[in-house]
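Chain by chain, the residues run as shown.
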Amino acid sequence: MNSLTLKPSHMPTSQLSAAIHAKCPKCRRGDMFSNNSYNLFSQKMNTNCPHCGFTFEPEPGYFYVAMFVSYAFNVAQMVTMAVALYVLSGSRNPWVYVGALLGVSVLLSPFNFRYSRVVLLYWLTPGLHYDPNRDRDDYVNPNYKPE
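It should be emphasised that the depicted structure is a prediction, and the values quoted were computed from it without experimental measurement. (Residues numbered from 1 in each chain as written. Predicted model: local features only at pLDDT ≥ 70, side-chain atom pairs only at ≥ 80, totals over all residues. Heavy atoms only, no water.)

## Focus on the overall build of the protein
Formally: Strands here are runs of E lasting at least two residues and helices are runs of H or I lasting at least four, both read from the DSSP assignment and numbered beginning at the N terminus. Relative accessible area decides the class of each residue, using a 1.4 Å probe on protein chains only: under 20% of the type maximum gives buried, over 50% gives exposed, and in between gives partly exposed. Any two residues having at least one pair of non-hydrogen atoms within 4.5 Å are treated as being in contact. Note on areas: Shrake-Rupley with a 1.4 Å probe; residue coverage comes only from the protein chains shown.
Of the regular secondary structure elements, the protein holds four helices and zero strands. Seen in sequence order, the protein has helices and strands lined up from the N terminus as α-α-α-α. Taken over 147 residues, the protein has a buried fraction of 34%. For the protein, contacts bridging at least 24 residues in sequence account for 63% of all contacts bridging at least 6. For the protein, the computed accessible surface area is about 10000 Å², with 64% contributed by carbon and sulfur atoms.

## Thoughts on the pattern of salt bridges
Where we set the bar: Only one rule defines a salt bridge in this text: a Lys or Arg side-chain nitrogen within 4 Å of an Asp or Glu carboxyl oxygen.
Overall, the coordinates contain five salt bridges when judged by the stated rule. The partner of Asp31 in a salt bridge is Lys23, and the shortest N-O contact between them spans 2.5 Å. The residue Asp131 makes a salt bridge to Arg134 at a minimum N-O spacing of 3.6 Å. Given the relative accessible area of 23%, Asp131 is considered partly exposed. The exposure class of Arg134 is buried, given its relative accessible area of 13%. Overlapping salt bridges, with partners in common, bring together Arg29, Asp135 and Asp137 in one network.

## A closer look at the environment of Leu108
You can see Leu108 is positioned in the loop between α3 (94–107) and α4 (109–123). Taking relative accessible area as the criterion, Leu108 reaches 30% and is therefore assigned partly exposed. For the pair Leu108 and Phe73, spaced 35 residues apart in the sequence, the C-alpha separation amounts to 9.5 Å.

## What to know about the nonpolar core
Quick reminder of the rule: Think of a nonpolar core as a cluster: buried Ala, Val, Leu, Ile, Met, Phe, Trp, Tyr and Cys residues, connected wherever their side-chain atoms sit within 4.5 Å.
Residues Met32, Phe56 and Leu121 are the most contacted members of the largest nonpolar core, which totals 22 residues. Counting residues per element, the ones that place at least two in this core are α1 (15–20) and α4. Apart from the residues lying within four places of it in its own chain, the contact partners of Met32 are Ala22, Lys23, Cys24, Pro25, Met45, Asn46, Phe56, Arg117, Val118, Leu121 and Tyr122.

## A short note on α4
Just so we agree on the cut-off: What a helix is expected to span follows from its residue count: subtract one and scale by 1.5 Å.
Over its 15 residues, α4 runs 21 Å from end to end, which matches the ideal 21 Å to within 8%, given 1.5 Å per residue. For α4, the buried fraction is high: 11 of the 15 residues fall into the buried class. Lining the buried residues of α4 we find α1, α2 (65–89) and α3.

## Some thoughts on the packing of aromatic side chains
The way to describe two aromatic rings as a pair is by their centre distance and the angle between their planes. As a reminder, the rule being used: Between rings of Phe, Tyr and Trp, where Trp is taken as its six-membered ring, a pair exists when centres lie within 6.5 Å; planes separated by under 30 degrees are stacked, by over 60 edge-to-face, and by other angles tilted. A positively charged side chain is recorded as over a ring if its NZ (Lys) or CZ (Arg) lies within 6 Å of the ring centre. The angle to the ring normal must also be within 35 degrees.
Across all of its chains, the model carries six aromatic pairs by this definition. Ring geometry for Phe111 and Tyr115: centres 5.0 Å apart, planes at 45°, overall tilted. One end of the pair is Phe111 and the other is Tyr115, both in helix α4 and four residues apart, which spans about a single turn. Classification of Phe111 as partly exposed rests on a relative accessible area of 27%. Given a relative accessible area of 13%, Tyr115 falls into the buried group. Grouping aromatic residues by their ring pairs yields a cluster made of Phe73, Phe111 and Tyr115. It is Arg28 that lies over the ring of Tyr130; its NZ or CZ is 4.0 Å from the centre. The ring of Phe33 is capped by Arg114, whose NZ or CZ atom sits 4.1 Å from the centre of that ring.

And the structure:
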């Protein structure tokens, strides 16, 4: 028997798993949002990553682009709902579609808000990449001063 014990190394979180859980794109540890994911009335995004100090909004108005991503999500959800409603019910009454589509749009608005920002930061921002050094337990950002 060998008396050496191997210390388990920290396995980095996958990009998809971190995005689904809305973690920081730089360290994949800190939460991007300060409340739970399906709060219909309040979605509070952290200014900085609580783990590595990364600033989520690199410039003023940065998240205006997320509105376009949210719009794409909304269109995809509405088309899917309209086709499913037509196939399942066969209704030709336009008010059935209007009511169902508006209801789905309102119910999925927290999802669209949250994940449009996640998609923007993870896949649509050039130059923003995962930094394995920030993923350490002992990482301290020298430029970050908590409020």
